[in-house]
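Fold and geometry: a report
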Amino acid sequence: MNYSSDNTKRAYFRMADLIPLAVIVLSVVLGVVFLLSPKDEKGLTAVVSVEGEVYTEVALDAVKEPYELTLHGDREAVLLISSDGVRFVTSDCPDKLCVNTGMISRSGQSAVCLPARVSVKLISSEESGGIDALSG
Ligand SMILES: [Zn+2]
């Protein structure tokens with residue numbers, strides 16, 4: 001009699017133990033997915049070019065407070081650089097296409113002011129490393 005009641009108790013506990021185990025497994029999987037997925041969007045580098053030459057490269061992760069960067073190409077243009085992305089604030093150009101581009105925040109996006117000959121492109125750090133490997 002005692003044996004059979006013990007067996008049902010054990011079986012019940014095993015079923016109950018599976019639920020927290022499933023929760024742990026699920027949260028670990030979600031945690032890994034969460035850690036892996038934003039990696040593409042992090043580690044962005046803004047490559048700022050003036051008159052066809054790379055003027056500066058800014059790692060957006062390192063930007064704590066947004067700041068303005070004034071560039072003197074054929075015309076004066078002002079970029080706002082923040083950890084979220086980069087945009088033209090103002091430019092001394094007639095079309096204002098650069099300002100209308102708005103903020104770029106993803107790898108591969110770029111904003112260009114043709115009259116000022118100023119451009120900014122976002123690349124991921126991996127791409128940046130690739131470029132270094134090619135040029136060096
Ligand atoms: Zn412009």
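Residues numbered from 1 in each chain as written. Predicted model: local features only at pLDDT ≥ 70, side-chain atom pairs only at ≥ 80, totals over all residues. Heavy atoms only, no water.

**Considering the overall build of the protein chain**
- Scanning the protein chain for helices and strands turns up three helices and seven strands.
- Listing each helix as α and each strand as β along the protein chain from the N terminus yields α-β-β-β-β-β-α-β-β-α.
- Burial analysis of the protein chain (136 residues in total) assigns 27% to the buried set.
- For the protein chain, contacts bridging at least 24 residues in sequence account for 31% of all contacts bridging at least 6.
- By element, 58% of the accessible surface of the protein chain is carried by carbon and sulfur atoms, the whole surface being about 9600 Å². (Helix = DSSP H or I, 4+ residues; strand = E, 2+ residues; numbered from the N terminus. Buried < 20%, exposed > 50% of the residue type's maximum accessible area, 1.4 Å probe, protein only. Contact = heavy atoms within 4.5 Å. Areas by Shrake-Rupley, 256 points an atom, 1.4 Å probe, with all protein chains shown as cover.)

**Notes on the coordination of the zinc ion**
- Only Cys-93 (SG), Cys-98 (SG) and Cys-113 (SG) from the protein coordinate the zinc ion, and they sit 2.2 to 2.3 Å from it.
- Along the chain, the residues donating to the zinc ion are arranged with the sequence spacing C-x4-C-x14-C. Here Cys-113 lies in strand E6 (residues 110–113) and Cys-98 lies in helix H2 (residues 97–101), a separation of 15 residues in the sequence. The exposure classification of Cys-98 matches that of Cys-113, with both residues buried. (Donors = N, O, S within 2.8 Å, 3.2 Å for Na, K, Ca; no water.)

**A closer look at the sheet that holds strand E1 (residues 44–50)**
- With respect to topology, four strands assemble into an open sheet ordered E2-E1-E7-E6, the strand pairing being antiparallel. The open sheet terminates on both sides in strands that have one partner only, identified here as strand E2 (53–59) and E6. Pairwise comparison of adjacent strand axes, ignoring direction, gives a mean angle of 20° for this sheet.
- Two strands pair when backbone bridges link them, and E1 and E2 are joined in this way by six bridges, in the antiparallel orientation. Residue pairing in the sheet places Val-47 in a bridge with Glu-57 of E2. (Pairing = 2+ DSSP bridges. Axes fitted to C-alpha atoms, helices over the stretch in contact; angles between N-to-C directions.)

**Focus: the confidence of the model for the protein chain**
- Looking at the protein chain, the pLDDT average stands at 85 and 77% of residues meet or exceed 70.
- Segment residues 130–136 is flagged for pLDDT under 50; beyond a separation of four residues in sequence, or across chains, it makes one contact in the model. (pLDDT = per-residue confidence, 0-100.)

**Comments concerning the sheet that holds strand E3 (residues 67–72)**
- A sheet is described by the order of its strands in space; here three strands give the open sequence E3-E4-E5, paired in antiparallel fashion. Since the sheet does not close on itself, it has two edges, and those belong to E3 and strand E5 (85–91), each with one partner. When the angles between neighbouring strand axes are averaged without regard to direction, this sheet yields 30°.
- Relative to strand E4 (residues 76–82), E3 is paired through six bridges, and the arrangement is antiparallel. Following the sheet pairing, Tyr-67 is matched in E4 by Ile-81.

**Brief notes about the pairing of E4**
- Burial runs high along E4: six of the seven residues are buried.
- Linkage of E3 to E4, two consecutive antiparallel strands, is achieved through a turn of three residues.
- Bridge count between E4 and E5: six bridges; the pairing is antiparallel. Note on E5: the bridge partner recorded for Ile-81 is Val-86.
- Counting the residues that bridge the hairpin from E4 to E5 gives two residues.

**With respect to a nonpolar patch on the surface**
- Taken together, Met-15, Leu-18, Leu-21, Val-25, Val-29 and Val-33 make up a surface patch of nonpolar side chains, about 560 Å² in accessible area.
- On the secondary structure map, Val-29 appears in helix H1 (residues 2–36). (Patch = residues over 30% accessible without salt bridge, like charges linked within 9 Å, V, L, I, M, F, W, Y side chains within 5 Å. Salt bridge = Lys/Arg side-chain N within 4 Å of Asp/Glu carboxyl O.)

**Here's the deal with the nonpolar core**
- The biggest cluster of nonpolar side chains holds 23 residues, and the ones touching the most others in it are Leu-60, Leu-79, Ile-81, Val-86, Phe-88 and Val-120.
- Considering every element that reaches this core, the biggest residue donor is E1, with four residues.
- If near-sequence neighbours (up to four positions away) are discounted, Ile-81 is found in contact with Val-58, Leu-60, Val-63, Glu-65, Pro-66, Tyr-67, Leu-69 and Val-86. (Core = buried A, V, L, I, M, F, W, Y, C linked by side-chain atoms within 4.5 Å.)

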